[in-house]
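Listed below, chain by chain, are the residues.
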Amino acid sequence: MNNIPYNSKGSLNYTRVSSRNIWNKLLNVISACFSIITILPLILVLIYILVKGSSQINLELLTQLPEPPGDDLNAGGIGNAIAGTFIVTFIATFISVPIGVGGGIFLAEYSQDGKFSKFIRFGTNVLAGVPSIIAGIFIYGAIVSTKILFGTNFSALAGGLALSILMLPTVIKTTDEGLKLVSDGLRTGALAVGASKFTMVTRITLPAAINPIATGIVLAISRAAGETAPLIFTGLFSFYWSSGPEALLNPIASLSVLIYNFALEPYEAQNQLAWAASFILVLMLLLTNSLARFLGRFAPK
Amino acid sequence: MPEFKSDPFLLRRRSNSEKIVDKGFKSLVILMASMVAILLFGIFLVVFGGSIESIGRYGLAFLVTSEWNPVTDKYGAFTAIYGTLLTSILSLFIAVPLGVGTAIFITEDVIPAKLRFLIGGMVELLAAIPSVVLGLWAIFVMEPFIRPFLIYLNNSFSWIPFFSTQPVGPGMAPAILILVVMILPIITAISRDSLNQVPKKLREAAYGVGATRWASITNVILPAAISGIAGGVLLSLGRAMGETMAVTMIIGNSNNFNWSILSPGNTIAAMLANQFGEADGSQVSSLMFAALILMLLTLLVNIFAQWMVKKLSLKY
Amino acid sequence: MEAVKNVFLEIPSGKVTALIGPSGCGKSTVLRAINRMNDLIDSCSLKGRVLFNGNDLYGINIDPVEVRRRIGMVFQQPNPFPKSIYENIAFGARINGYKGDMDFLVETSLKQAAVWDECKDKLKESGYSLSGGQQQRLCIARTIATKPEVILMDEPCSALDPISTLKIEETIHELKREFTIVIVTHNMQQALRVSDKTAFFNAEPQKGGSGKVGYLVEFNNTEKIFNSPSQKATQDYVSGRFG
C-alpha cells in the first residue's frame, strides 16, 4: 500500500509558487474584481442622482406644477407627480394587498396540495414573470379603450389597477411563505382548544406571520412605486393637480412617467427636472427598502 | 344536575353566525386565490383577442419579416424579436460570470464578514433603483462614456457583422449594458442564496480531504448549488426579455433591421412602450401580436426555469 | 468566548487516541484544531501551539491546505460529496496529486474501509444512495485514499445504528496499523474498545460568563483511565456517575 505513486508530500510550509496557490490567489482577485464591477453602477448612479438631482431640490420644485415642454428655461416643479405617485401606489396597494393576502392564506392554510392549488401556485409564478408592459397593455385593452370605468379612458384608477397586477404575485408569495414559517404546533394548539379555522387563521397564524408578510408588502409597494411601463398608457400623465374624488377618473402624473417623458425632451430644463424627480423617487424607494429591512429584522427565525 | 342555561361555556354549541363566518371566509380566500387564474386568463384573452386580426393577416410570416411600416400598413416583428433575443442573451453572457463571481465572493471568507454584508446590501439596493432612472442615467452618462469604445470596436472590427455600423448614440450595445446592470442584482442575490443553502458539511468534507478554497468551490459547492443558480439565470433571462423602460430610452427604437449591435434597434417591449399610445387601426393589432409573442417567450423561459431547478437538483 | 483551555497532549504516532468527556467540554474543538478545520469558523482563534513532527501547525508560514492533506478527517455526520461513489474517492486523491491507477486506489480504499462489497456494483451511483453507516465508511475510504499520516474522527458513529458502529470500530482496528488515529467519542465503551490512550475532558462554568469552558483533566493509557484514574472527576465520569 505504501508504494502508491503520490506526488511527494513535502513541507507543510506555504509555497507561493505552487500552481494551486497561484490559482487560488488569482481566482480570489478575479472574484473581487467582479464584485467591484457589480456594485460600480450602483455607486455611479447614486452619485449622479445626488449631484444632478439634489442641487435643484427646493420648496418650489417640490410644490409646483411642471410646465409643458417649451424652450423657456423654467420647467416648473414636480409637486403633482409626487402626489400622483403616492395616489397611484396607494390604489394599487388597496387592491392588491387584501386579494394577495387572501390568496396566500388559501395556499398556506386551506389548500391540500390539490390540482387547484398547484395551478394557483404555478399561476402566481407565471404572473410574477409577466413583463410589466404587458400589465399596462392588458389594462389598456380591458379598461382604458373600452371606457368601462364610468366612461373615462386614461385614469388614476386604471394606473393603480395596472400596478396592482404587478404587486399581486409578490403579496401572495410572501403571505404563503410567511404562513408556512409558522410552526404547525400553533395550528394544532388553536384547533385543539376548539377554535374555528377562521379564528385560528385571523387570531393565531396570521399575527404570528405578520412580520415577513409586512416586509414583503413593503417591498412590493416599493417596487410598484418605481414602475413606469404599466402607467404610460393607463395613468398617462397630467400637468395639473389631482383633487377631489373625480380625480381618480382623470389622467394622473407620476414621478416615473415624468422622468420618462422629460428625459426624452430635447430641452435642458426638462432634463434637469427629470434628474430632480429621479432624486426624489430613489430617495423614497431607498427609504421604503430600509423600512422593509427594518421590519424583516424582527421576523421569527 | 345543572341546567344547560347555567353552563358558563355558552359557545360550546357553535352559533350559526360563527359557522357562516367560517364558511364565508373560506369561500372568500378561494375567490381571492382564483383572481390569479382570472387575471392570467384575462390577460391572455385581451392580448390574444387584440391580435387576432394581425394573426389572420400575417400568420407566422409576422415572425420572420422585418418590415414595420405604419404608412403602408405592413407589419413584421423580426427586428423586434431579434433585438429582444440578442439584447437579453448577450446581457446574460456578461451578467452571469459577474453575478455568480460576486455571489461566491460574498459567501466565501476572502474578506471580513462585515464587508461581505456591505457588498450584498449594495447589490440589493441596486435592485431597488427603478428602470426609468437607470434609463435616464444611460442616456446622459453611460452612453456618452462608452461611445469611444464602441467607435473603436467599429473601426477595428467592422468586418464582423455585429460591429459593422457606426455608433450613433442610442443603440443595442448600450441597451445590453443597461440590461446587465438590471439583471446583475437578480443573478447575484439568487446565486448567493443558493450557495448559502449548500450545507456546511459538504464544505467541511472538501476541506477535510485537503482541497483548497477554489477546488472546493468549483468541484463541490458550485455543483451542489447549480440548480438554484440555473433557475436564477433563467429567471433573469425572462426579466431581460420583458424589461421595458431603460431599454426603450437607450435602444434607439429603430424598426429597420440591422445585424450590428452598434446600430439602433428595438425590442418587443420597447416597441410596445414607444408606439402603443399613438397606434390605431391594424397597428394596434400587430402590437398586440408582438405582445403575445413576448408573453409566450417569457412564459416558456419561466416554465423552463422551474423544470431546470428540478432537473439539476442534487441529493445531499 | 473561550471554548476550551489548558490542553497539553502528546498524541503518540501509530496508536489510537480517544478524547472523551461530557458534551460541551470542547473535545471536538480540540480535534478540529489539529487539522485547522476551525479556520472555517470566522470568530475562532487559538492561543498556544499544535506541533506535528516538530512543526507548529499554526506557524506563520504554514499552509492549512497542506496540513489537511497530511491530517485527514472523518466527521460526525456522514458527508459524502453529491457525486458518484467512485468520484467521492477519486476527487480527494486527485487533488492530492495522485497519479497512479485510480480504479485500483478506489477498490483498495473501499476494501480497507470494509464497504467494498456493498459498493462494487454501484460505483457510478450517488454516494447518497448508500445507507448512513455505508456513507460513513465511504467517507473513511475517501480519507484513506488521500494517504494522510493522521486520521481524525469526530464522533464518527454518533449518527449510526449499533451494527454500523461495530463495523466502523472493526475498520478502526484495521486502520491503526497504517495510520495514527485520534477519535472523539462520548461513548465510553467505544473508547475502551478501540483506543490505546484516552484523554478525559471536563467542562466548568465560565467565570462571569454564561457558557461553559472545557479543559483537559487527565491523559493516560486507556486501561489506566478506566481502571485506576488519578483524578476523582475521571473516576466519576467513567463509572457513569455524571455526563
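These numbers come from a predicted model, not from an experiment.

By the secondary structure assignment, Ser278(A) is in helix α11 (residues 268-297). Once residues lying within four places of it in the same chain are set aside, the contact partners of Ser278(A) are Ile49(A), Ile259(A), Val133(B) and Leu136(B).

With that settled, consider helix α7 (residues 200-208) of chain B. By the criterion of burial, α7(B) is predominantly enclosed, with seven of the nine residues buried. Buried within α7(B) are the following residues: Leu202(B), Arg203(B), Glu204(B), Ala205(B), Ala206(B), Tyr207(B) and Gly208(B).

Counting 192 residues, the largest nonpolar core has Ile78(A) and Ile133(A) as the members making the most contacts within it. No other element matches helix α8 (residues 213-242) of chain B, which puts 14 residues into this core. In contact with Ile133(A), other than residues within four places in its own chain, are Ala229(A), Ile232(A), Phe233(A), Thr244(B), Ala269(B), Leu272(B), Ala273(B) and Leu294(B). Core analysis: the next-biggest nonpolar cluster, separate from the first, contains 44 residues, Leu105(C), Ile144(C), Cys157(C) and Ala191(C) among them.

Residues and elements named next belong to chain C. Taken in spatial order, the seven strands of this open sheet run β1-β9-β8-β2-β7-β6-β5, and their pairing is mixed. Only two strands of the sheet have a single neighbouring strand rather than two, namely β1 (4-5) and β5 (71-74). Helix α1 (residues 27-34) contacts β1, β2 (16-20), β5, β6 (150-154), β7 (180-184) and β8 (197-205) of the sheet and is inclined by roughly 155° relative to β6.

Time to look at the side chain of Ser191(B). Residues and elements named next belong to chain B. Inspection of the secondary structure assignment puts Ser-191 in helix α6 (residues 172-197). We classify Ser-191 as buried; its relative accessible area is 1%. There is a polar contact of 2.7 Å between the side chain of Ser-191 and the backbone oxygen of Ile-187. Setting aside its immediate chain neighbours within four residues, Ser-191 contacts Val-100, Ala-103 and Ile-229.

What follows covers the interface of chain B and chain A. By a widely used convention, the size of an interface equals the accessible area lost when the partners come together. Listed as interface residues are 69 residues of chain B and, on the opposing side, 73 residues of chain A. Both faces combined, the contact of chain B with chain A buries some 6400 Å², and carbon together with sulfur accounts for 81% of it. Where chain B meets chain A, there are one salt bridge. Between Arg293(A) and Glu124(B) there is a salt bridge whose closest N-O contact spans 2.6 Å. Scanning the region where chain B abuts chain A turns up seven residue pairs in polar contact (both at pLDDT 80 or more).

This model, assessed by the stated rule, comprises 22 salt bridges over all chains. Among the salt bridges present, the one from Asp109(B) reaches Arg213(B), with a minimum N-O distance of 3.1 Å. You can see Asp109(B) sitting in the loop between α3 (78-107) and α4 (113-128) and its partner Arg213(B) sitting in helix α8, a full 104 residues away along the chain. Taking the relative accessible area as the measure of exposure, Asp109(B) reaches 28% and is therefore partly exposed. Classification of Arg213(B) as buried rests on a relative accessible area of 16%. With its nearest N and O atoms 3.0 Å apart, the salt bridge here joins Arg94(C) to Glu87(C).

Within the element layout of this structure, Phe237(A) appears in the loop between α9 (210-225) and α10 (255-263). Between the alpha carbons of Phe237(A) and Asn250(A) there is a distance of 9.5 Å; along the sequence they are 13 residues apart.

Before going further, it helps to spend a moment on the interface of chain B and chain C. Across the boundary between the two partners, chain B contributes 21 residues, which contact 24 residues of chain C. Between chain B and chain C the total buried area reaches about 2000 Å² when both faces are included, carbon and sulfur atoms providing 64% of it. Ranking the residues of chain B by area buried against chain C places Glu204(B), Tyr207(B) and Val209(B) at the top, with a combined share of 30%. On the surface where chain B and chain C come into contact, there are one salt bridge. A salt bridge links Glu204(B) to Arg32(C), with the shortest nitrogen-to-oxygen separation between them at 2.7 Å. Inspection of the chain B/chain C interface yields five residue pairs in polar contact (both at pLDDT 80 or more). At seven residues, the largest contribution of residues to the side of chain B that touches chain C is made by α7(B).

With 91% of its residues at a pLDDT of at least 70, chain A reaches an overall mean of 84. Within the model, pLDDT remains below 50 along residues 1-5 of chain A, and this stretch shows 11 contacts once partners closer than five positions in the same chain are excluded.

On to the pairing of β5(C). All names here are of chain C. Because side chains alternate across β5, one face comprises the buried residues Ile-71 and Met-73, and the other comprises Gly-72 and Val-74, equally buried. As judged from the four bridges shared by β5 and β6, these two strands associate in the parallel manner. By the bridge assignment for β6, Val-74 is matched with Met-153.

Thresholds, definitions, all that
- Think of each chain on its own: its residues are numbered from 1, step by step along the sequence as written.
- Here the convention is simple: chains get letters from A, ligands get numbers from 1, in the order in which they are written.
- Totals for whole chains, interfaces and linings use all residues, but because this is a predicted model, local features are given only for residues with pLDDT of at least 70 and pairs of side-chain atoms are given and counted only at 80 or more.
- Water and hydrogen atoms play no part in the side-chain values, which are based on all heavy atoms of the structure.
- Numbering of helices and strands runs from the N terminus, with a helix taken as a DSSP run of H or I at least four residues long and a strand as a DSSP run of E at least two residues long.
- We call two residues contacting when some pair of their heavy atoms lies within 4.5 Å.
- Only protein chains enter the accessibility calculation, which uses a 1.4 Å probe; a residue whose area is less than 20% of its type maximum is buried, one above 50% is exposed, and one in between is partly exposed.
- As used in this record, nonpolar core signifies buried Ala, Val, Leu, Ile, Met, Phe, Trp, Tyr and Cys residues forming a set joined through side-chain atoms within 4.5 Å.
- Strands are labelled as partners when DSSP assigns at least two bridges between them.
- Simply put, an axis is a line fit to the C-alpha atoms, just over the touching stretch for a helix, and the angle between two N-to-C directions goes from 0 to 180 degrees.
- Polar contact is defined as a pair of N or O atoms within 3.5 Å, subject to the rule that within protein one atom must be able to donate a hydrogen and the other to accept it, and that residues adjacent in sequence are counted only when both atoms are side-chain atoms.
- When two parts are brought into contact, each loses some accessible area as probed by a 1.4 Å sphere; the total of that loss over both is the buried area.
- Within this document, salt bridges are pairs made up of a side-chain nitrogen of Lys or Arg and a carboxyl oxygen of Asp or Glu, the two lying within 4 Å of each other.
- As a per-residue quantity, pLDDT reports the predictor's confidence and falls between 0 and 100.

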